[in-house]
Structure formats: C-alpha cells, structure tokens
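Structural description and commentary
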Amino acid sequence: MFKPSQPMMARLRLTTKQVNGGYYKGNRTGSMGYFAKNGSYVIDWKKVRTYVVPENLADFKLTPFVTKRMAPTKGKYIRELEKNGKTVIVERAFGGKEYLDMWASDNGQEVLEQERLEQEASSSAVPPRQ
C-alpha cells in the first residue's frame, strides 16, 4: 500500500476526520474559557491574557517590535460639509482615489514607465501633417 514520506506527511493537512473523536486542532491561540451545557461560551478570567506595561517605559531597555520613529499613518478619512453656514467634519470610507494615490506613491517607477509608454504610443499613432 502507498504510504507518503515524512516530508510529505508534514505538508498533509490534519483534520478531525483523520483522528479519533474529541480532537480539536484550533489555531494556536489557546482557550479563554469553556462551552457550557446550554451552548454558550463562558470566559474564565484566569485564562485571559493580560499584558503589563513596565514602569518607566522611556528608560526600559527592551525595545518594541514597532519603531517609535515611524511617521503617523492616516487612519481616518474625513470630508468637510457645510450645513447652515457651519463647516462639519464627517468621517468617510477609504475611496478609490486614495487607493490610486497610495498605489502611485508606492509604485513610482512603474507609474513613470507607464506614462512614458503611453506618451510613445500616442506620438507614434498620430502621423505628422505636412
């Protein structure tokens, strides 16, 4: 009978159909509680993760995973509306124009190359008049 090799076994997906009953694979996050008999989930507060911020954080020797020197990113998009002579600032969704601007700023060389190719195509497509 065919049996996969060890490296192949590492790649095969382990599902509950391949193991006896009661197996739960999970996603490596750990349990925060338990399921009650009525089907609801009860949080066990002893299992909930808490993160302690050290005192004197500015003088703390360990560094965070994210640098403190990073420029703040634009998180909310706003628009200004005028109602009854007053300017009101309203939050709005991330739009297509912002996406294209962000894409162009990240892919500057590609944008310049595309513009150059369009310029060449438009100049060679139209024959000069005499």
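Just so it is clear, the model here is predicted, and its values are computed rather than measured.

Here's the deal with the overall build of the chain
- Helices and strands together make up the secondary structure of the chain, namely three helices and four strands.
- Ordered by position from the N terminus, the helices and strands of the chain form the series α-β-β-β-β-α-α.
- Of the contacts made within the chain by residues no fewer than 6 positions apart, 0% connect residues no fewer than 24 positions apart.
- When the accessible area of the chain is evaluated, it comes to approximately 13,500 Å², of which 56% is carbon and sulfur surface.

Focus on the pairing of strand β3 (residues 77–83)
- One ladder, built from seven bridges, connects β3 with strand β4 (residues 86–92); its direction is antiparallel. The residue bridging Glu80 from the neighbouring strand is Ile89, located in β4.
- In this antiparallel pair of consecutive strands, β3 and β4, the connection spans two residues, and Asn84 shows a positive phi of 55°.

Here we look at the side chain of Glu98
- Among the structural elements, Glu98 can be located in helix α2 (residues 96–106).
- In this structure Glu98 comes out as buried when scored by relative accessible area, which is 18%.
- Beyond its immediate chain neighbours, meaning those up to four positions away, Glu98 contacts Tyr77 and Arg92.

Some remarks on the environment of Gly33
- Mapped onto the secondary structure, Gly33 falls in strand β1 (residues 33–35).
- Taking the C-alpha atoms as reference points, Gly33 and Ile43, separated by 10 residues in sequence, lie 4.2 Å from one another.
- With residues near it in sequence (within four places) discarded, Gly33 still touches Tyr41, Val42, Ile43, Asp44 and Lys47.

Comments concerning the packing of aromatic side chains
- According to the stated counting rule, one finds one aromatic pair in the structure shown.
- Their ring planes at 65° and their centres at 4.8 Å tell us that Phe35 and Tyr41 sit as a pair that is edge-to-face.
- Taking the relative accessible area as the measure of exposure, Tyr41 reaches 39% and is therefore partly exposed.

Concerning the pattern of salt bridges
- Per the stated rule, a full pass over the model turns up three salt bridges.
- With a closest N to O distance of 3.3 Å, Asp101 and Lys97 form a salt bridge. Of this pair, Asp101 and Lys97 both sit in helix α2, four residues apart, roughly one helical turn.
- Exposure remark for Asp101: the relative accessible area of 43% places this residue in the partly exposed category.
- The closest approach of N and O atoms between Arg116 and Glu113, which form a salt bridge, is 2.5 Å.

What counts and what doesn't
Once a new chain begins, its residue numbering starts again from 1 and follows that chain's sequence as written. The predicted origin of the model limits local features to residues at a pLDDT of at least 70 and limits the giving and counting of side-chain atom pairs to 80 or more, whereas totals for whole chains, interfaces and linings rest on all residues. Calculated side-chain values reflect all of the structure's heavy atoms, with hydrogen atoms and water omitted. Secondary structure elements are taken from DSSP: a helix is a run of H or I of four residues or more, a strand is a run of E of two residues or more, and numbering for both begins at the N terminus. The contact criterion used is simple: two residues touch if any of their non-hydrogen atoms lie within 4.5 Å. Per-residue accessibility takes into account occlusion by the displayed protein chains alone, with areas from the Shrake-Rupley method and a 1.4 Å probe. In this scheme, strands are said to pair when DSSP sees at least two bridges between them. Partly exposed residues are those whose accessible area sits between 20% and 50% of the maximum for their type, while under 20% is buried and over 50% is exposed, using a 1.4 Å probe and protein chains only. Two aromatic rings, drawn from Phe, Tyr or Trp (for Trp, its six-membered ring), form a pair once their centres lie within 6.5 Å of each other, and the interplanar angle then sorts them: stacked below 30 degrees, edge-to-face above 60, tilted otherwise. The term salt bridge refers to a side-chain nitrogen of Lys or Arg lying within 4 Å of a carboxyl oxygen of Asp or Glu.

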